[in-house]
Amino acid sequence: MPATTKRAAVLCLIFYLGAGGWISSIPTAMASTVGQLSRIGGDRTNRVIGYGLVVGLPGTGDQATEVPYTTQTITNMLRHMGINLPANTFMQPNNDSAVMITGSIPADARPGQKFTLTVSAVGNASSLRGGILLMTQLHGANGQVYAQGQGPVLVTGAAATGGGTSLVVNNPDVGRIVNGGIVEVPLPPSSPQAGIITLLLRRPGYVMAARMVEAVNQIFPGSAQAQGPGVVEVHAPIDMNARVGFISALQQIPVSAPAPRPTIVINAQDGTVVMGSNIRITSCAVATGSLSVSIQTTPMVSQPNMFGRGVTVATSNTKVGIKTHKAHLFLLRKSASLEDVVRALNTVGATPAELASILQAMKSAGALHARIKVI
């Protein structure tokens, strides 16, 4: 055998024998199960939506002159009940509100099963507190009616107005109806492939898929096969009773999940920064300082002389000041931990906005080995 071919064969043999050990040597976060790391394809909720009317509000409903579709909804509802109003009848109720209803029907739901609804005002109602949702049809994405909703609206927000002053706590225009939706029509089946169970990984990745296939095949030899970094197919019995027992055992199989990718989450709205504990930092020097600009305007009045012909005018005196603060320089060595970074930034008094800027600069410089996610 030629030397080149012999060396290639030896390398292939070493890779083949060490493949399992290489996968297992990757740091793991904790032992989880198949049911925790994946979900079964086709096993999903179905969202529904509808348009309805909330009545019985204590004068906090839509203004009919500004929201004409509320009055039209009332007229159509009365006509459906056999009440025909005279032509050109002017109604101006303030205890009704047009609303949109949303909800999610659980997977494998059957007629008669209840679920929770969310009710949101679409007009200018000031509050839905104390209202009752009239029977409303709930449609799926295909336009078919699958459920109906009705019941009293529970609102956690509150609003008060008086003397030109208003106070709003939470949002009084959104409420919930616990178990207010009832399934009327069975949902169409997901029609999965016969004898195949599709596992959709919650954290897709090649290492995760390989470990899940290995764990499943140890219990059910030759039954699992990866279809990519996010999908694993498992051969299962066709008989429904045997299939249910197989899925129950499948979801309890332990899997050594790989450690999650180091991530720093930054909330751009309120400046909140959350950092994980597995973040690595290489040597770098960070200098941080700030520049403050202050503008102060003082109103003044310029008056003419007592016997002059001038007029009194209002002026303003504006002062602009710029102040540079002392820059703080600190050194992060290669062995620095996340605790060292937090302690150094707290020492120099970095604000959340400055902290986010420092972390992004360290990431750009290659000193921060973590993914930055801005929400």
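Now for a look at the structure at hand. (Residues numbered from 1 in each chain as written. Predicted model: local features only at pLDDT ≥ 70, side-chain atom pairs only at ≥ 80, totals over all residues. Heavy atoms only, no water.)

This brings us to the packing of aromatic side chains. Tallied over the entire structure, the rule returns one aromatic pair. Where Phe-220 meets Phe-246, the ring centres are 4.6 Å apart and the plane angle is 50°; that geometry is what we call tilted. Here Phe-246 lies in helix α5 (residues 240-251) and Phe-220 lies in the loop between α4 (206-219) and β12 (224-226), a separation of 26 residues in the sequence. Residue Phe-246 is classed as buried on the basis of its relative accessible area of 10%. (Phe/Tyr/Trp six-rings, centres within 6.5 Å; stacked < 30°, edge-to-face > 60°. Helix = DSSP H or I, 4+ residues; strand = E, 2+ residues; numbered from the N terminus. Buried < 20%, exposed > 50% of the residue type's maximum accessible area, 1.4 Å probe, protein only.)

Backbone geometry places Asn-179, a non-glycine residue, at a positive phi of 55°. Mapped onto the fold, Asn-179 is located in strand β10 (residues 174-183). On the basis of relative accessibility, which here comes to 44%, the residue Asn-179 falls in the partly exposed class.

Another aspect to go through is the environment of Asn-267. Note that Asn-267 resides in the loop between β15 (263-266) and β16 (273-275). Distance from Asn-267 to Pro-352, taken between C-alpha atoms, is 9.6 Å for residues 85 residues apart in sequence. When residues no more than four places from it in sequence are discounted, the contact partners of Asn-267 are Thr-272 and Ile-375. (Contact = heavy atoms within 4.5 Å.)

So, on to the sheet that holds strand β5 (residues 114-121). The antiparallel closed barrel is built from six strands, whose spatial order is β3-β4-β5-β10-β7-β6. With strand direction ignored, the average angle separating the axes of adjacent strands in the sheet is 30°. The sheet contact formed by strand β3 (residues 46-55) and strand β4 (residues 96-105) spans 10 bridges and is antiparallel. Looking across to β4, one finds that Val-48 is bridged to Gly-103. On top of the sheet, helix α3 (residues 68-80) reaches β3, β4 and β6 (132-139); it is set at about 90° to β3, its chief contact. (Pairing = 2+ DSSP bridges. Axes fitted to C-alpha atoms, helices over the stretch in contact; angles between N-to-C directions.)

Looking along a regular strand, one sees the side chains alternate between the two faces of the sheet. Of the pairings in the sheet, the one linking β3 to β6 comprises three bridges and is antiparallel in character. In the strand pairing of β6, Ile-49 is matched with His-139.

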